[in-house]
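Listed below are the residues making up each chain.
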Amino acid sequence: MATELGCDWLAASLCLGGSDILAAVKENSPTGEFIANLSVTGDPRASAIRLCLTGNNSDWFFLEGRTIRLNTSSARVLDREVQGPVLIAELTCYEDDVIQSQYRILVQILNENDNRPNFLPETIQPFSVSELTAVDSVVFSVKAVDADGDMIRYTIDQSSPDASFFRIDLPNSGNVVLDKPLDYETRTQLQLLIRAEEANSVEKFNTTANLTVNIEDGDDQYPHFLPCTPVSPGVPVCTNPTYTANITETLQELTLQFSPGPIRAEDGDRGLDAPLVYSILSGDDQGRFDINELSGEITLTRRVDDRHLMPSFTLRVMAAQQDDPLKYSVAVVLVRVLGQNLFPPLFNRTMYKGFIIQSSSPASIVSTYGNQVLLVQVSDRDFSDVRTAAPV
Ligand SMILES: [Ca+2]
Ligand SMILES: [Ca+2]
Ligand SMILES: [Ca+2]
Ligand SMILES: [Ca+2]
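Quick caveat, the model's predicted, so the values are computed rather than measured.

**Looking at the overall build of the protein**
Across its full length, the protein carries three helices and 32 strands. By the compact-globule yardstick of 21 Å for 392 residues, the protein is too spread out, its C-alpha radius of gyration being 48 Å. For the C-alpha atoms alone, the extent of the protein along its principal axes is close to 160 × 65 × 35 Å. At a minimum sequence separation of 6, the contacts of the protein that also span at least 24 residues come to 62%. In the protein, the 29 positive side-chain charges and the 53 negative ones have mean positions that sit 10 Å from each other.

**A closer look at the pairing of strand β15 (residues 189–198)**
As defined by bridge partners, strand β12 (residues 152–156) adjoins β15 across five bridges and the pair is classed as antiparallel. Across the sheet, the residue bridging to Tyr154 is Ala196, located in β15. In the sheet, β15 pairs with strand β16 (residues 206–216) via nine bridges, with the strands oriented antiparallel. Following the sheet pairing, Gln189 is matched in β16 by Asn214.

**A closer look at the domain arrangement of the protein**
In terms of domain boundaries, the protein breaks down into domain 1 (2–110), domain 2 (117–216), domain 3 (223–338) and domain 4 (346–389). Distance from the C-alpha centre of domain 1 to the C-alpha centre of domain 4: 125 Å.

**Things to note about the sheet that holds strand β28 (residues 346–347)**
Within the open sheet, the three strands sit side by side as β28-β31-β32. Their pairing is antiparallel. With partners counted over all chains shown, the strands left at the sheet margins are β28 and β32 (386–389), one partner each. Relative to strand β31 (residues 376–379), β28 is paired through two bridges, and the arrangement is antiparallel. When the sheet's bridge partners are listed, Leu346 is paired in β31 with Ser379.

**Here's the deal with the pairing of β16**
When strand β9 (residues 127–130) meets β16, the two strands line up parallel, connected through four bridges. Within β16, the position partnered with Ser130 by the bridge is Glu216.

**Concerning a nonpolar patch on the surface**
A contiguous nonpolar patch, built from Leu22, Val86, Ile88 and Leu106 and spanning about 340 Å² of accessible area, is present on the exposed surface. Positionally, Val86 belongs in strand β6 (residues 86–95).

**Overview of the layout of surface pockets**
For the largest pocket, the calculated volume is near 300 Å³. Lining the largest pocket we find 16 residues, and of these Gln221, His224, Pro236, Val237 and Cys238 sit closest to its centre. Here the residues of the lining of the largest pocket sort into eight nonpolar, five polar and three charged.

**Some thoughts on the coordination of the calcium ion (ligand 3)**
With distances of 2.1 to 2.9 Å, the protein atoms coordinating the calcium ion (ligand 3) are Glu131 (OE), Glu185 (OE), Glu185 (OE), Asp217 (OD), Gly218 (O), Asp220 (OD) and Asp269 (OD). Mapping the donors of the calcium ion (ligand 3) onto the primary sequence gives the spacing E-x53-E-x31-D-G-x1-D-x48-D. In this pair, Glu185 is assigned in the loop between β14 (175–178) and β15 and Gly218 in the loop between β16 and β17 (223–225), connecting sequence segments 33 residues apart.

**Quick notes on unusual backbone geometry**
Here the residue pair Leu226 and Pro227 is connected by a cis peptide bond, since its omega of 0 degrees sits within 30 degrees of zero. Within the secondary structure, Pro227 sits in the loop between β17 and β18 (229–230). For the peptide bond that leads from Ser259 to Pro260, omega is -10 degrees, which places it in the cis range. Position of Pro260 among the secondary structure elements: in the loop between β21 (254–255) and β22 (265–267).

**Quick word on the packing of aromatic side chains**
For the structure shown, the criterion picks out eight aromatic pairs. For the ring pair Phe347 and Tyr352, a centre distance of 6.4 Å and an interplane angle of 80 degrees mean the geometry is edge-to-face. An angle of 75 degrees between the planes, with centres 5.5 Å apart, marks the rings of Phe355 and Tyr369 as edge-to-face. Taken together, the residues span a long stretch of sequence, with Phe355 in the loop between β28 and β29 (367–368) and Tyr369 in the loop between β29 and β30 (372–373) at a distance of 14 residues. The exposure class of Tyr369 is exposed, given its relative accessible area of 54%. Here the aromatic residues Phe127, Phe140, Phe165 and Phe166 are joined through ring pairs into a cluster of three or more. Positioned above the aromatic ring of Tyr94 is the side chain of Arg50, whose terminal nitrogen or guanidinium carbon lies 4.5 Å from the ring centre. Of note, Lys180 hangs over the ring of Phe165, and the distance from its end group to the ring centre comes to 4.6 Å.

**Section: the coordination of the calcium ion (ligand 1)**
At 2.2 to 2.6 Å from the calcium ion (ligand 1) lie its protein donor atoms, namely Glu27 (OE), Glu81 (OE), Glu81 (OE), Asn111 (OD1), Glu112 (O), Asp114 (OD) and Asp148 (OD). Here the donor residues of the calcium ion (ligand 1) share one chain and are spaced in sequence as E-x53-E-x29-N-E-x1-D-x33-D. A residue pair is termed long-range when its members are at least 10 positions apart, and Glu112 in the loop between β7 (98–110) and β8 (117–119) and Asp148 in the loop between β11 (144–146) and β12 qualify at 36 residues.

**Looking at the state of the cysteines**
Evaluation of the coordinates by the stated rule reveals two disulfides. Across the disulfide, Cys15 is cross-linked to Cys93 (sulfur-sulfur distance 1.9 Å). Residues Cys15 and Cys93 are joined by a disulfide whose S-S torsion is about -75 degrees; by sign, that bridge is left-handed. Here the residue Cys15 occupies a position in helix α2 (residues 7–15), and Cys93 occupies one in strand β6, the gap between them amounting to 78 residues. With a relative accessible area of 0%, Cys93 lands in the buried category. Between the sulfur atoms of Cys228 and its disulfide mate Cys238 the distance is 2.0 Å. For the disulfide bridge between Cys228 and Cys238, the dihedral angle about the S-S bond is near -90 degrees, and by the sign convention the bridge is left-handed. Placement of Cys228 in the loop between β17 and β18 and of Cys238 in strand β19 (residues 238–239) is noted, with a sequence separation of ten residues between them.

Rules behind the numbers
Residues numbered from 1 in each chain as written. Chains lettered and ligands numbered in written order. Predicted model: local features only at pLDDT ≥ 70, side-chain atom pairs only at ≥ 80, totals over all residues. Heavy atoms only, no water. Helix = DSSP H or I, 4+ residues; strand = E, 2+ residues; numbered from the N terminus. Rg over C-alpha atoms; globule rule 2.2 N^0.38 Å. Contact = heavy atoms within 4.5 Å. Lys, Arg positive; Asp, Glu negative; His and termini not counted. Charge placed at Lys NZ, Arg CZ, Asp CG, Glu CD. Pairing = 2+ DSSP bridges. Domains from an automatic or database assignment. Patch = residues over 30% accessible without salt bridge, like charges linked within 9 Å, V, L, I, M, F, W, Y side chains within 5 Å. Areas by Shrake-Rupley, 256 points an atom, 1.4 Å probe, with all protein chains shown as cover. Salt bridge = Lys/Arg side-chain N within 4 Å of Asp/Glu carboxyl O. 1 Å grid on protein atoms, 1.4 Å probe; cavity = no way out; pocket = protein on both sides within 12 Å on 5 of 7 lines; lining within 4 Å. Points joined across faces, edges and corners; volume = space filled by probe spheres on them. Nonpolar A, V, L, I, M, F, W, Y, C, P; charged D, E, K, R; others polar. Donors = N, O, S within 2.8 Å, 3.2 Å for Na, K, Ca; no water. Phe/Tyr/Trp six-rings, centres within 6.5 Å; stacked < 30°, edge-to-face > 60°. Buried < 20%, exposed > 50% of the residue type's maximum accessible area, 1.4 Å probe, protein only. Lys NZ or Arg CZ within 6 Å of the ring centre and 35° of its normal. Disulfide = S-S within 2.5 Å.

The structure is reproduced here in structure tokens:
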């Protein structure tokens, strides 16, 4: 038939009739999926023409007669997110190895929702926020991306332990807002589950991220003196101790030993532990007592001449933050003046004799001659009274 019609004319006519091809195919389509039919006059299965696919993306296609089909395999899936939105190739029609015509093939890859949202790792790392952060301010922002280009909305999983501390006002923004005050003194870390979900898809694919929020200490606590006695159980507010020391008339130039002791305070903000400065507010009796402003040690600088005139001193000692003197605490310091201890205690006898009656009782009175209860007496010339005890 080709010989009868004439080679040149026939070849030209068999390759003619085609046109550039615009088509579309869904990503993830199986191999052999129909792309387009060619409208060239000749059929390479029956005519002396040869059709060739060339160009960058030509390996995504194969020809079956005049039909272009998709060429994929289980190892090579058509993925719009990897390949891009279009495939481009050329079709060349040969007659006797001579190019007779050329057509462009442009195949759009249609998107399927085949990707979940993913959080950008740098936006879900543990992070720190000051406990003094204002309520209603944005404390951090998360961001997730969806390779399909789906819009994303963010929510806080209300079942996560510390969900009540945060809220998201604008679901598309990923901005997380502080909903109630933080307090380093009661909680130093919060856990939060955030969900990123496709807003516009049917599938509503989502992903979650567990966030760790470390709370940083802020200067919102005053110093307190040690040891700390809580005002009531479970309330982290201290009652300051009263520090007591005893001195005698003869002592001078002495660092006083206190009970409880030593005199020491600490910042209630344990995470900051602000340095403190100590001072005597009142009761130093014109410099008789001096305080080391860094250590809190109190020194007696001048002896007490007459303990009957000055039986005790009451001082008020302040510990204040060096960086903020308005944050301070005051404790009472009591210094008692005692008589000197010159004499040892003495028993009124060197030997006592006593008797007990045999009995089953584990405790019984010890008696002495004349059926009198045995009494042991001790006296100390530093004290006026005599201490008496009956041994049992
Ligand atoms: Ca996709
Ligand atoms: Ca998606
Ligand atoms: Ca604090
Ligand atoms: Ca403080």
